[in-house]
Each structure stands twice: as C-alpha cells, then as structure tokens.
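Residues per chain, in single letters:
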Amino acid sequence: MISVEDKDDDGADGLRKIIHVDMDAFFASVEQRDNPDLRGKPVAVGGSSGRGVVAAASYEARKFGVKSAMPSVTAKRLCPDLIFVKSRFDAYREVSQQIRAIFRHHTDLVEPLSLDEAYLDVTEDKLGIGSATRIAELIRQEIRAKTRLTASAGVSYNKFLAKLASDQNKPDGMCVIRPGEGADFVQSLPVRRFHGVGPKGAEKMDRLGIQTGAELAAKDIEWLRAHFGSFADYLYRAARGIDLRPVRSSRIRKSVGGERTFSRDLSSGSELRETLEDIIDIVWGYIERAEAKGRTVTLKMKYIDFQIFSRAKTVDQPITDRAQFEALSRQLLEEVLPLPMPIRLMGLTLSKLEGGKEEPRRPDAQLSLL
Ligand SMILES: [Mg+2]
C-alpha cells in the first residue's frame, strides 16, 4: 500500500474536501473472497462462451491484458488459464450497501458512480474528524474490516482530481492531491485517464495531437468548443485541475423504468408479448412506489447484434392507472412486430414525470464525450 502523508492541510479556506472511493477489481475480488480456489488466479467474471463479455477481471488476469468489456474469446486467447465465473449481482449489491453505509457514517453527501465507486464531500464530516485524508484512511479500514475487500481512495479538492487520485496507487492504495498541486498533476497525465474521456474520446484527441493534460491545457476554449462541443468547458477546466461540479447525493427523478436481459434470444411474437407482461409488472411496481405520474412510455429493445432501438408514446395527461400504462406498452410492441432479428433485452420507461419523490441519483450517471 502506498499512502501519502497527511499534512492536515487538505481543507484550505474555501475549498471543498472530496474523497473518491473505488473498490479494487470489485466483482472479481468478491468472487475470490467467496471462493478460496480462485485466489491468486486469473479470474474473469462473465460468460465464457459465444458472445460473452468480461464484466470484471482479477489483477492476476489483468497482467495478461484481460480487461472489462473485452470479448471473452479475446480474453481467453490472451490468458489461456483464465477462469470464468458467473456474475452474482446479489452478492455485489450486498457489498455495495455495506460500503455506502460506511460512507454515510461520515457524510450524507455521497454520490455513487456505480456499485463500487462513489464521491464523498467531507468538507463538513459528521464525526468532526476534519481531515479528509484521515477520513479516507478510516473508510478504507472500515471497508476491509466489514467486507474483507480492499478499496482505493483519492483525496482532493474536487471530484475530477479525487477520481484521478484514487486510480493513482491502485490496488489498496491512496493518493492525496493538495490545493496548488492539481494543475501540475493533471498536466503530467495522459488524457485517456481523465474521467469522461473514454477510449473513443482518447482516440479523437490523439488524432488532434493531444495525448497529455499539458497538451490539452495548451488549447484555448474556442478550439475546444469547435472540436468537443458541450464537453469543451469541462475539458478546459479539467486540464487546469478545476472542476466545479458539486457532489450530488440525490436528484429529482426524470424517469422510472426497468429492463431485463435474457439468457436466450427472444424472437416470436408470443414470447415477446409474454416478456412484456413481466416487465409491465415490474415497472408498474416501481412507478407506484415512486408515486410517479408521467406522460411518456418508452419501449426499448436490444437486438442480438447489440443495436438498441426504442419507441415512445406521449399522452396529454399523466398516466395514473395501470390499464393505460399496459395498453400503451402493448401498442408500442405491436407496432414493431415482427422484429427483423431476435432480441436480448427489453425495457420499459415512464418519463415526462410530474412531481414525484426525490430519488437516489442513478449510479450510471456519466459524462460523455460522444
Ligand atoms: Mg472499482
């Protein structure tokens, strides 16, 4: 473990204290924890056959170049001894709840990015510890004690830097970027490490001659706007170690919905209709619990070639009863039948909501370059 000394100066006047906590090789680590036979071995969580994709790879597997989102076939070629295990989302969700409880022990300003990652604003912490570095250390210890898993943490004065910092000394590491250090830190890094710059974004920057934070910082805002549109302002600030986004613990819900991925492909009309009924059940349950009243119903499907398509219907008055929601959902399906190819996923969403309860922020909220 690499840890940076705490000089207790991470709360300079007027600056926020932000921690980004990220579990190490999360799904794979949970599998190794629960099955000792997997420890010390290259493990991939995900399906091994056909069009399977690696959802997570253990550090032993990463040494061979195995990465998440990689086709399983490719992963197997890179690492012939790779052990594939099926994902167990219930187990991951349980750990996720444990770590969120630990976070909330210190602050209510917790913004999850996914099951295993979150930003915390500890400018004012509940226990009055005062030092963000100390809090991050305590959180890592508490996570290890409660879950028998390791987490890395980044500490800084904004979200962008905190996230870069948590990645700096992975696994089981920590890094602190203090006021005054952000710009230099960012400019020394490759832009592909910036949150929001995905592989495609990094490629685009590379084509434009930008590989490092320093090269990005050399571009003016007009140039960035011409090439990156609405993403330009974020990039301009990021290259200077500035990020004005607050940690958002909740948001007003914009939609309520759910979707299901199937283990087999669905193509016949009767199968699709049956599946739709199941999804109506699930989603209407969410709608009732959220007391959501919306005017748009969207049906989404993913073909076996991963292309996603959706169809929506908007009505004038908020939908208040299930019969109407059902009718609109069925109508949407009938309009697209027969499908040109089988599907793997179906989902329904109700949006254009009025009022409704405040809901936890969606964990998948992401910046996007494209
Ligand atoms: Mg992680």
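Residues numbered from 1 in each chain as written. Predicted model: local features only at pLDDT ≥ 70, side-chain atom pairs only at ≥ 80, totals over all residues. Heavy atoms only, no water.

Here we look at the nonpolar core
One recurring pattern in soluble globular proteins: nonpolar side chains tend to sit buried together. Which entries qualify depends on this criterion: Residues belong to one nonpolar core when they are buried, are Ala, Val, Leu, Ile, Met, Phe, Trp, Tyr or Cys, and are joined through side-chain atoms within 4.5 Å. Classification of residues uses two cut-offs on accessible area relative to the type maximum, computed with a 1.4 Å probe and protein chains only: under 20% is buried, over 50% is exposed, and between them is partly exposed. Here a helix means four or more residues in a row that DSSP labels H or I, a strand means two or more in a row labelled E, and each is numbered from the N terminus. For this analysis, residues touch if any pair of their heavy atoms sits within 4.5 Å.
The biggest cluster of nonpolar side chains holds 33 residues, and the ones touching the most others in it are I19, F103, L120 and I143. Secondary-structure elements contributing two or more residues to this core are strand 1 (18–23), helix 1 (26–34), strand 2 (43–46), helix 4 (89–106), strand 6 (117–121), helix 5 (132–147), strand 7 (151–156) and strand 8 (174–176). The greatest single-element share of this core, amounting to six residues, is contributed by helix 4. Residues within four places of L120 in sequence aside, it is in contact with K17, I18, I19, V21, F103, T107, L109, V110, I139 and V247.

Some details on the packing of aromatic side chains
Our working definition: To pair, rings of Phe, Tyr and Trp, with the six-membered ring standing in for Trp, must have centres within 6.5 Å; the planes then decide the type, stacked if under 30 degrees apart, edge-to-face if over 60, and tilted in the middle. The rule for a charge over a ring is simple: NZ of Lys or CZ of Arg within 6 Å of the ring centre, and within 35 degrees of the ring normal.
If you walk through the whole model with that rule in mind, you get ten aromatic pairs. Between F26 and F27 the ring centres are 5.7 Å apart and the planes differ by 50 degrees, which places this aromatic pair in the tilted class. Taken together, the ring pairs in this structure connect F26, F27, F89 and Y92 into an aromatic cluster. Directly above the ring of Y59 sits R62, whose terminal nitrogen or CZ lies 4.5 Å from the centroid. When the ring centre of W223 is taken as reference, the NZ or CZ atom of K219 above it lies at 4.6 Å.

Digging into helix 6 (residues 159–168)
Filter applied, for reference: N or O atoms closer than or at 3.5 Å make up a polar contact, with two conditions inside protein: a donor-capable atom paired with an acceptor-capable one, and, for residues adjacent in sequence, both atoms drawn from side chains.
Summarising burial for helix 6: eight of the ten residues are buried, a large majority. Turning to helix 6, its buried residues are K159, F160, L161, A162, K163, L164, A165 and S166. Between a side-chain oxygen at the N-terminus of helix 6 and the backbone nitrogen of F160 the separation is 3.2 Å; the capping residue is N158.

A closer look at the packing of helix 12 (residues 269–290) against helix 13 (residues 322–336)
The description of two packed helices rests on the angle between their axes and on the distance between the axes. The following threshold applies: Think of each axis as a best-fit line through the C-alpha atoms, taken over the contacting stretch in the case of a helix, with angles from 0 to 180 degrees between the N-to-C directions. Crossings are classed by handedness, with left-handed meaning an anticlockwise turn of the near helix from the far one by less than a right angle and right-handed meaning a clockwise turn. Polar here means any residue outside two lists: the nonpolar Ala, Val, Leu, Ile, Met, Phe, Trp, Tyr, Cys and Pro, and the charged Asp, Glu, Lys and Arg; Gly therefore counts as polar.
Put simply, helix 12 and helix 13 touch, their axes get as near as 10 Å, and they point 145 degrees apart. Between helix 12 and helix 13 lies a crossing of right-handed hand. Contacts between helix 12 and helix 13 involve L272, R273, L276, E277, I280, D281, V283, W284 and I287 on the former and, on the latter, R322, F325, E326, S329, R330, L333 and E334. Partitioned by chemical class, the residues of the contact of helix 12 with helix 13 number eight nonpolar, one polar and seven charged.

Digging into the side chain of K313
Tracing the sequence through the fold places K313 in strand 12 (residues 308–314). Looking at K313, its side chain comes within polar contact range of the side chain of E335, at 2.8 Å.

A few points about the sheet that holds strand 10 (residues 255–266)
Operational definition: Each pair of strands is called paired provided DSSP finds at least two bridges between the two strands.
In spatial order, the strands read 10-13-11-12; together these four strands make up an open sheet with antiparallel pairing. Of all strands in the sheet, those bounded by a partner on one side alone are strand 10 and strand 12. Across this sheet, the average inter-strand angle for adjacent strands is 15 degrees, counted without regard to direction. Across ten bridges, strand 11 (residues 293–303) lies against strand 13 (residues 343–354) in antiparallel orientation. When the sheet's bridge partners are listed, T298 is paired in strand 13 with T349. Sheet strands touched by helix 12: strand 10, strand 11 and strand 13. Its angle to strand 10, the strand with the most contacts, is close to 155 degrees.

Describing the layout of surface pockets
Counted only if it meets this: Points on a 1 Å grid over protein atoms alone make up a cavity when a 1.4 Å probe fits among them but cannot get out, and a pocket when they form an open set with protein on both sides within 12 Å along at least five of seven lines; lining residues each have an atom within 4 Å of a point. Grid points are joined across faces, edges and corners, and a volume is the space filled by probe spheres set on the points.
Size it by volume and the second largest pocket reaches roughly 280 Å³. Contributing elements (two or more residues each) for the lining of the second largest pocket: helix 1 and helix 2 (59–62). It is helix 1 that provides the largest number of residues to the lining of the second largest pocket, a total of three residues. In terms of residue class, the lining of the second largest pocket is made up of four nonpolar, four polar and seven charged.

Side note on the pattern of salt bridges
Where we set the bar: A pairing counts as a salt bridge when a side-chain nitrogen of Lys or Arg comes within 4 Å of a carboxyl oxygen of Asp or Glu.
The full count for this structure, using the stated rule, is 26 salt bridges. For the salt bridge of R245 with D243, the shortest nitrogen-to-oxygen distance reads 2.8 Å. Notably, a salt bridge pairs E334 with R273, separated by 2.7 Å at the nearest N-O pair. With E334 in helix 13 and R273 in helix 12, this pair connects stretches of sequence that are 61 residues apart. Its relative accessible area of 38% is what places R273 among the partly exposed residues. Through salt bridges with shared partners, one network takes in E277, D281, R322, E326 and R330.

Let's talk about the coordination of the magnesium ion
Our working definition: Sites may look incomplete because water is not among the atoms; the donors themselves are N, O and S atoms within 2.8 Å of the metal, or within 3.2 Å for Na, K and Ca.
Here the magnesium ion is held by the protein donor atoms D22 (OD), M23 (O) and D116 (OD), which lie 2.2 to 2.4 Å from it. Linear spacing of the donor residues for the magnesium ion on their chain is D-M-x92-D. One end of the pair, M23, is in strand 1; the other, D116, is in the loop between strand 5 (110–114) and strand 6, with 93 residues separating them in the sequence. Here M23 matches D116 in class, with each residue buried.

Here's the deal with the sheet that holds strand 1
Strands sit in the order 5-6-1-7-8 across an open sheet of five strands; the sheet is mixed. In this open sheet, the two strands that pair with only one neighbour each are strand 5 and strand 8. Put simply, the sheet's adjacent strands are angled 15 degrees from each other on average, direction ignored. In terms of strand pairing, strand 7 meets strand 8 through three bridges, oriented parallel. Paired with A153 across the strands is M174, a residue of strand 8. Sitting on the sheet, helix 5 touches strand 1, strand 6, strand 7 and strand 8, and the angle it makes with strand 7 is about 165 degrees.

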